[in-house]
Amino acid sequence: MEENKPKTGKFALNFGTITGIVGVVFAIMLFVMDMHYEQGAGVQITQTVILALGIVIGIMQYKKANEGLLDISDALKVGAGVALIAGIIGLLWFFTLSNVLEPEYMDKMYEIGKVKAMEQNPNLTAEQIDQGIEMQKKFAWISYPVILIINVVIGLVVGLIAGLAMKKQEAAY
């Protein structure tokens, strides 16, 4: 049986690409509707559900191709792989959005953050808020690997849950 086992990487790549494309389509929809500055819970939940569904469907298809058998380790590999590929595609979209389609995107995001900070912390001066924003600008590059790490962690958690739910091993006898 071991020599006929499908490769987890193939499923991670295929379903990660599909999931990433669906996520980008959602982001393009937000962009077209001029809602791409929305960072509310609804947008975040929708993005997480898209990722989780892509992972679960990828694991289900892997199990189907593996004659109905699934190890938790394979579910974790597929889950993390799907999340990583989808995250890379999502970052490519974000890079395109913030550097090509709307070069002033990050400046607008900082301005929105400044307004929120003033509303939430009326004791802060405008100078203190500006200093905080300048610090954010210096370390903005850190967000890219952090986003990938968070995606992979989500992939591992969803992969573990799906793996435990769908686990089926070959009979020992």
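Just checking my understanding: could you explain a nonpolar patch on the surface for this structure?
Where nonpolar side chains cluster on the molecular surface, the patch consists of Met135, Phe139, Trp141, Ile142, Val146 and Ile150 and spans about 580 Å² of accessible area. Considering the arrangement of structural elements, one finds methionine 135 in helix H5 (residues 126–138). Judged by its relative accessible area of 45%, methionine 135 is partly exposed.

Help me out: how do you make sense of the environment of alanine 162 in this one?
Its place among the elements puts alanine 162 in helix H6 (residues 143–166). It is 48 Å that separates the C-alpha atoms of alanine 162 and threonine 125, two residues lying 37 residues apart in sequence. Among all residues touching alanine 162, those that are not within four sequence positions of it are Val56 and Ile59.

Just checking my understanding: could you explain unusual backbone geometry for this structure?
Glycine aside, the phi torsion of most residues is negative, and most peptide linkages are trans. For aspartate 34, which is not a glycine, the phi torsion comes out positive at approximately 60°. Of note in the backbone geometry, glutamate 67 takes a positive phi value of approximately 60° without being a glycine. For glutamate 67, the location among the structural elements is in the loop between helix H2 (41–65) and helix H3 (72–101). Using a relative accessible area of 58% as the deciding quantity, one classes glutamate 67 as exposed.

Whenever I open this one, the packing of aromatic side chains confuses me. Can you help?
Two measures describe an aromatic ring pair: the distance that separates the ring centres and the angle between the ring planes. Under the definition given, this model contains four aromatic pairs. Between phenylalanine 11 and phenylalanine 15, the ring centres sit 6.4 Å apart and the planes meet at 0°, which makes this aromatic pair stacked. Of the two residues, phenylalanine 11 and phenylalanine 15 are both situated in helix H1 (residues 8–32); the distance of four residues between them amounts to about one turn of the helix. Residue classification places phenylalanine 11 among the buried positions, given a relative accessible area of 9%. By relative accessible area, phenylalanine 15 is classed as buried at 16%. Each ring, one from phenylalanine 31 and one from tryptophan 93, has its centre 6.3 Å from the other, and the planes form 75°; the classification is edge-to-face. With a gap of 62 residues between them, phenylalanine 31 in helix H1 and tryptophan 93 in helix H3 connect regions that are remote in the sequence. Take phenylalanine 31: its relative accessible area is 26%, and that puts it in the partly exposed class.

Explain the side chain of serine 98 to me, please; I cannot follow it from the model alone.
Residue placement: serine 98 occurs in helix H3. With residues up to four places along the chain from it excluded, the contact list for serine 98 reads Pro103, Tyr105 and Met106.

What am I meant to see in the packing of H1 against H3 here?
For any two helices packed against each other, the geometry comes down to the angle between their axes and how far apart the axes lie. The contact between H1 and H3 brings their axes to 7 Å, and the two run at 35°. The handedness of the crossing between H1 and H3 comes out as right-handed.

What should I look at first to understand the packing of H3 against H6 in this one?
Remark: H3 packs on H6, axes separated minimally by 7 Å, with the N-to-C direction vectors making an angle of 150°. Considering the angle they form, H3 stands roughly antiparallel to H6. When you trace H3 past H6, the crossing you get is right-handed. Of the residues assigned to the contact of H3 with H6, the class counts are 18 nonpolar, six polar and no charged.

Cut-offs applied
- Residues numbered from 1 in each chain as written.
- Predicted model: local features only at pLDDT ≥ 70, side-chain atom pairs only at ≥ 80, totals over all residues.
- Heavy atoms only, no water.
- Patch = residues over 30% accessible without salt bridge, like charges linked within 9 Å, V, L, I, M, F, W, Y side chains within 5 Å.
- Areas by Shrake-Rupley, 256 points an atom, 1.4 Å probe, with all protein chains shown as cover.
- Salt bridge = Lys/Arg side-chain N within 4 Å of Asp/Glu carboxyl O.
- Helix = DSSP H or I, 4+ residues; strand = E, 2+ residues; numbered from the N terminus.
- Buried < 20%, exposed > 50% of the residue type's maximum accessible area, 1.4 Å probe, protein only.
- Contact = heavy atoms within 4.5 Å.
- Phe/Tyr/Trp six-rings, centres within 6.5 Å; stacked < 30°, edge-to-face > 60°.
- Axes fitted to C-alpha atoms, helices over the stretch in contact; angles between N-to-C directions.
- Left-handed = near helix turned anticlockwise from the far one by under 90°.
- Parallel < 35°, antiparallel > 145°, perpendicular 65-115°, else oblique.
- Nonpolar A, V, L, I, M, F, W, Y, C, P; charged D, E, K, R; others polar.

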